[in-house]
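Overview (structure and organization)
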Amino acid sequence: MATVSQVLAWRPALLDELACVTLRHRRSLADLADELVAARPPASWWGDDATAAVGAHTLLRDRLNDLAAELAALTRGLVQAEAGSRAARRVVTEATVAAGGHGMVVDDVTGEVRDPAPVPADPILAADRARLRLELTDRLAQGLRAAEHTDAALAAVLDAVVSGVLDGGTAGPVEAIAAGRQAAERPLLPLPVDARVAEAFGWWRSLSPGERIRLVGERSELVGNTEGIPPAPRDRANRLLLTEARRELTTRLRELEGASWLDRLLSGSSESPAVLHAKLEDLSAISALLTARPGARLLSLGLDGRERVTTDVGLGRVRTAENVVVTRYGVGTTPASDLARKTAEVEALLARMSRLSDEAGDDARHAAIVSLGYEAPPLAIRDLLDPGSAGERARGLLHDDIARDAAPRFADQLNAVDVVRRDDPHLTVAAHSYAGVVTGHALQQGTGVDDVVALGVPGLATDRLADLHLAPGHLHNLEAKHDLVADAGRFGRDLTYLDGVRELDTAAHADRGLAEVVGHTSYYTDGSTSQHNLAAVASGHAELAIDDTRGPDLTDELREAGHDGRELFDRGVRATKGFLVDRGQELDRLLRRLG
Amino acid sequence: MSAGRGVAADLAEVAAAGRAMEQAADRVDRIDLVPELPAVAEALPGSRAAQAVETLLSAWTCGFDRWALAARRHAQALQTGAVDYAATEAEVRRALGPRTPPPPTPGSPARQGPR
């Protein structure tokens, strides 16, 4: 296996030059087709000599076909090796240069990145550096793996040529060349099993342009939903997948609806028409959104959910913007009912961020990911009583299992925002409601998130800011008046009482033209103090955010008293509040339906 | 060109086949990868392919030379045979004495060489 320094010394251009030479010769052999036909002994000639001459001609023709096939295989092998070695060298070069730039050293043989610098005293910096070291090691490993794959593929072609196993057939050199070319086609380097984000990125970067195009078309689901693959190819793959999924689900639904109960029973399928209907509604909503907003990027499309489709939509240039905000949502959020509205809200947020940047005199660019990337628990009370999967997920709202399950993928998604870029963006997560619990679990796994804005969250699954790897002052809390969910403290201590949390205001500031928000579902209201504060943090201008200088409200105090020992009382308060919240949300939904 | 069970040939076509094969041999002769293939080792130092190309250099490239040689021999055999056959035919004619060929029947094809 080639070492790091050897791969860095690879010169793909030489392979390209050689491939040009072999291609010229290959064409020369293809042009011999006419001569070989003309060289065939004439049919008018018969007798033993004629038979011998025809036999000799056949032998010569077949051997020339073999040579043509071998030359074609060699040419194809060289062309692939040129592209493969170029890509592998690029990955190794990028990771090596990045390591050097951060004062890290690369083991020439193993490709492992080591950090000789003393561990920073600041635990956030130390974690960042450790994460970077691991990321660069992963990328280097993929670069070396791609180099090995390229080398092995070319060596296999060379061995096949030498050993004479390539059969050019009995037709002519043109057919033989096609056979040789086909025989030399190298297999795709597979994505490592359970690949980490940086490994997936390194793997993608190590593929040739032709292989990437092929993968987008042939493995849309893999490309579209693998964190670490850049946004553009994911968008292309997911759009293909979207079209295919709508067609497939429609067919399945027709089949299900046309089948008798006995057929359904015998088929063993657990799919229900209701679920397929729901998923088709989600897909239609996503499709409509992409039609209405051609610039949006479909960054994920999850079809395997138990009840719904999951998706992430990119707005702006996620790969190059200086500030990226990822918005996540809580209970009852689905593409069909919420994607269009939430996208519009985030577009307004991005516009507000741009205005704040202008006011602050910077020309930073902003981008967002509207993340409906997990199956949030449903909201309806009736679901709680459902003995099936809907009920199971609804009851998940009462504990944090769903958040725990969703957290690893969300952590990967957040890390991928960093990994696929050359620079390190300012990354903010805006977590609404139950998404705060998901975010809390995700951040505990280590991410490159710089700021979190909690919007009416019932806890972050921890009582310690340090667990989230956030610097003091970089966790911001927005708690609107009458937002009982924010007071619930169901999944960790009420944020109001966490050390290092910055409380931001949601009340009106008429002098600035900012309106108040009330309740649990209005944090993104355009022109509100809440939206302004979120925009200030996400645009990198937290200094423009307006602090909440009011004291904790009664429910905060009640809950905190419970935290200090009055557990029973606290549980009672929470249960009551939860019941009221549920009823309130149900009523809200009902009114929306009626309205 | 002779055979126990008799011969039949359009000599011009046999000669043409020989020339075509000779041209093919000339073109294959021009394929020389020996000076070019070491570029693989230069391009990919430390690779298995760099080692494999050594074998290719010694074992495979002469395949084109061998084919060109065999093709040329075959071409030569065809062309020489056509000439020899024509000479034999002339000799046979001389031995049999001058003959007046029968007048061609209308519509019959012209023939080159005996058949």
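The following paragraphs examine the structure supplied in this document. All values reported here derive from a predicted model rather than from experimental measurement.

Reading the values: rules and limits
- Residues numbered from 1 in each chain as written.
- Chains lettered and ligands numbered in written order.
- Predicted model: local features only at pLDDT ≥ 70, side-chain atom pairs only at ≥ 80, totals over all residues.
- Heavy atoms only, no water.
- Helix = DSSP H or I, 4+ residues; strand = E, 2+ residues; numbered from the N terminus.
- Buried < 20%, exposed > 50% of the residue type's maximum accessible area, 1.4 Å probe, protein only.
- Contact = heavy atoms within 4.5 Å.
- Areas by Shrake-Rupley, 256 points an atom, 1.4 Å probe, with all protein chains shown as cover.
- Expected span 1.5 Å × (residues − 1).
- 1 Å grid on protein atoms, 1.4 Å probe; cavity = no way out; pocket = protein on both sides within 12 Å on 5 of 7 lines; lining within 4 Å.
- Points joined across faces, edges and corners; volume = space filled by probe spheres on them.
- Nonpolar A, V, L, I, M, F, W, Y, C, P; charged D, E, K, R; others polar.
- Domains from an automatic or database assignment.
- Core = buried A, V, L, I, M, F, W, Y, C linked by side-chain atoms within 4.5 Å.
- Salt bridge = Lys/Arg side-chain N within 4 Å of Asp/Glu carboxyl O.
- Phe/Tyr/Trp six-rings, centres within 6.5 Å; stacked < 30°, edge-to-face > 60°.
- Patch = residues over 30% accessible without salt bridge, like charges linked within 9 Å, V, L, I, M, F, W, Y side chains within 5 Å.
- Buried area = accessible area lost by both parts, 1.4 Å probe.
- Polar contact = N/O pair within 3.5 Å; in protein donor to acceptor, adjacent residues only side chain to side chain.
- Pairing = 2+ DSSP bridges.
- Axes fitted to C-alpha atoms, helices over the stretch in contact; angles between N-to-C directions.
- Parallel < 35°, antiparallel > 145°, perpendicular 65-115°, else oblique.
- Left-handed = near helix turned anticlockwise from the far one by under 90°.

1. Quick word on the overall build of chain A
Secondary structure summary: chain A contains 21 helices and 10 strands in total. Looking at chain A as a whole, 55% of its 595 residues qualify as buried. Once local pairs closer than 6 in sequence are excluded, the contacts in chain A between residues at least 24 apart make up 73%. On chain A, roughly 25200 Å² of surface is accessible, and the fraction owed to carbon and sulfur atoms is 55%.

2. So, the overall build of chain B
When its secondary structure is counted, chain B shows four helices and zero strands. Counting helices and strands in the order they occur from the N terminus, chain B gives α-α-α-α. The 115 residues of chain B split such that 37% are buried. When contacts within chain B are restricted to residue pairs at least 6 apart in sequence, long-range pairs at least 24 apart make up 79% of them.

3. Some points on helix α13 (residues 335–360) of chain A
Along its 26 residues, α13(A) runs 35 Å from first to last C-alpha, staying within 8% of the 38 Å computed at 1.5 Å per residue. Looking at the residues trailing α13(A), positive phi occurs at Gly361(A), about 80 degrees.

4. Some thoughts on the layout of surface pockets
Residue and element names in this part refer to chain A. There is about 1200 Å³ of room inside the largest pocket. Leu132, Glu135, Asp418, Val419 and Asp424 are the residues nearest the centre of the largest pocket, which is lined by 44 residues in total. At the level of secondary structure, the elements contributing two or more residues to the lining of the largest pocket comprise α4 (48–101), α5 (123–163), α7 (197–205) and α16 (401–419). Broken down by element, the lining of the largest pocket gets its largest block of residues, 12 residues, from α5. Residue classes in the lining of the largest pocket are distributed as 18 nonpolar, nine polar and 17 charged. A domain-level breakdown of the lining of the largest pocket finds at least three residues from each of domain 1 (4–216) and domain 2 (231–547 + 554–594).

5. Describing the nonpolar core
Among the nonpolar cores identified, the biggest contains 78 residues, and Leu29(A), Leu74(A), Trp60(B) and Trp67(B) are the most heavily contacted of them. Looking at this core, the element that brings in the most residues is α4(A), giving 15 residues. Setting aside residues no more than four positions away along its own chain, Leu74(A) makes contact with Thr22(A), Val157(A), Leu158(A), Leu33(B), Leu37(B), Leu56(B) and Trp60(B). Of all hydrophobic cores here, the second largest spans 45 residues; its members include Ile286(A), Val346(A), Leu356(A) and Leu534(A).

6. What about the pattern of salt bridges?
Within the structure shown, the criterion is met by 32 salt bridges over all chains. Across the pair Arg27(B) and Asp31(A) runs a salt bridge, and its minimum N-O distance is 3.6 Å. Separated into two different chains, Arg27(B) in helix α1 (residues 11–29) and Asp31(A) in the loop between α2 (12–30) and α3 (33–38) make up a pair that spans both. Judged by relative accessible area, Arg27(B) falls into the partly exposed class, the value being 21%. One network of salt bridges, in which partners are shared, links Asp31(A), Glu35(A) and Arg27(B).

7. Thoughts on the packing of aromatic side chains
Applying the stated rule across the entire model yields three aromatic pairs over all chains. Between Trp203(A) and Trp204(A) the ring centres are 6.1 Å apart and the planes differ by 55 degrees, which places this aromatic pair in the tilted class. Just as Trp203(A) is buried, Trp204(A) falls in that class too. A centroid spacing of 5.2 Å and a plane angle of 75 degrees characterise the contact between Trp60(B) and Phe64(B), whose relative ring orientation is edge-to-face. Assigned by exposure class, Trp60(B) and Phe64(B) land together as buried.

8. Some details on empty space enclosed by the protein
Residue and element names in this part refer to chain A. Here the structure, examined in full by the defined rule, presents four cavities of 30 Å³ or more. Taken as a whole, the largest cavity holds about 140 Å³ of empty space. Around the largest cavity, the lining comprises 15 residues; the ones closest to its centre are Glu227, Pro231, Arg234, Leu299 and Ile369. Listed by contribution, the elements that provide at least two residues to the lining of the largest cavity are α10 (231–258), β3 (297–302) and α16.

9. Re a nonpolar patch on the surface
Residues and elements named next belong to chain A. Taken together, the side chains of Trp261, Leu262, Leu265 and Leu266 define a hydrophobic patch exposed on the protein surface, amounting to about 520 Å² of accessible area. Residue position: Trp261 is located in helix α11 (residues 261–267). Overall, the relative accessible area of 67% leaves Trp261 in the exposed class.

10. With respect to the interface of chain B and chain A
Taken together, the contact pairs 49 residues of chain B with 48 residues of chain A. Interface of chain B and chain A: buried area, both sides summed, is about 4100 Å²; carbon and sulfur atoms make up 70% of it. Ranking the residues of chain B by area buried against chain A places Arg27(B), Trp60(B) and Trp67(B) at the top, with a combined share of 15%. Seen at the junction of chain B and chain A, the total is four salt bridges. Close ionic contact of Asp159(A) with Arg48(B) constitutes a salt bridge, the shortest N to O distance being 3.4 Å. Scanning the region where chain B abuts chain A turns up nine residue pairs in polar contact (both at pLDDT 80 or more). Going through the elements one at a time, α1, α2 (39–43), α3 (48–59) and α4 (62–96) of chain B are the ones with two or more residues in the side of chain B that touches chain A. Examining the composition of the side of chain B that touches chain A, we find that 10 residues originate from one element, α1(B), more than from any other.

11. Description of α5(A)
Residues and elements named next belong to chain A. Over its 41 residues, α5 extends 59 Å from the first C-alpha to the last, a length consistent with the 60 Å expected when each residue adds 1.5 Å. Its side-chain oxygen at 2.8 Å from the backbone nitrogen of Ile124, Asp122 defines the N-terminal cap of α5. Positive backbone phi, approximately 75 degrees, marks Gly164, located one or two places after α5.

12. Description of the sheet that holds strand β5 (residues 323–328) of chain A
All names here are of chain A. Within the open sheet, the eight strands sit side by side as β3-β4-β6-β5-β7-β8-β9-β10. Their pairing is mixed. The strands lining the two open edges of the sheet, one partner per strand, are β3 and β10 (501–504). Adjacent strand axes in the sheet meet at a mean angle of 15 degrees when their direction is disregarded. Bridge analysis of strand β9 (residues 475–478) against β10 gives four bridges, and the strand direction is parallel. Opposite Leu475, over in β10, you have Val501 as the bridge partner. Packed on one face of the sheet, helix α19 (residues 529–538) meets β5, β7 (426–432), β8 (451–455), β9 and β10 and runs near 150 degrees to β7.

13. Some details on the packing of α7(A) against α16(A)
All names here are of chain A. Contact geometry of α7 with α16 gives a least axis separation of 9 Å together with a crossing angle of 45 degrees. When the interaxial angle is binned, α7 and α16 end up oblique. Note that α7 runs across α16; the crossing there is right-handed. Listed contacts from α16 to Val197, Ala198 and Phe201 of α7 are Asp412, Asn415, Ala416 and Val419. Classifying every residue of the contact of α7 with α16 gives five nonpolar, one polar and one charged.

14. Things to note about the side chain of Glu503(A)
Residues and elements named next belong to chain A. Relative to the elements of secondary structure, Glu503 occurs in strand β10. Residue classification places Glu503 among the buried residues on the basis of a relative accessible area of 17%. In terms of polar contacts, Glu503 uses its side chain to reach the side chain of Asn477, at 3.1 Å. Beyond its immediate stretch of four places on either side in the chain, Glu503 contacts Asn477, Leu495, Thr496, Asp547 and Asp548.

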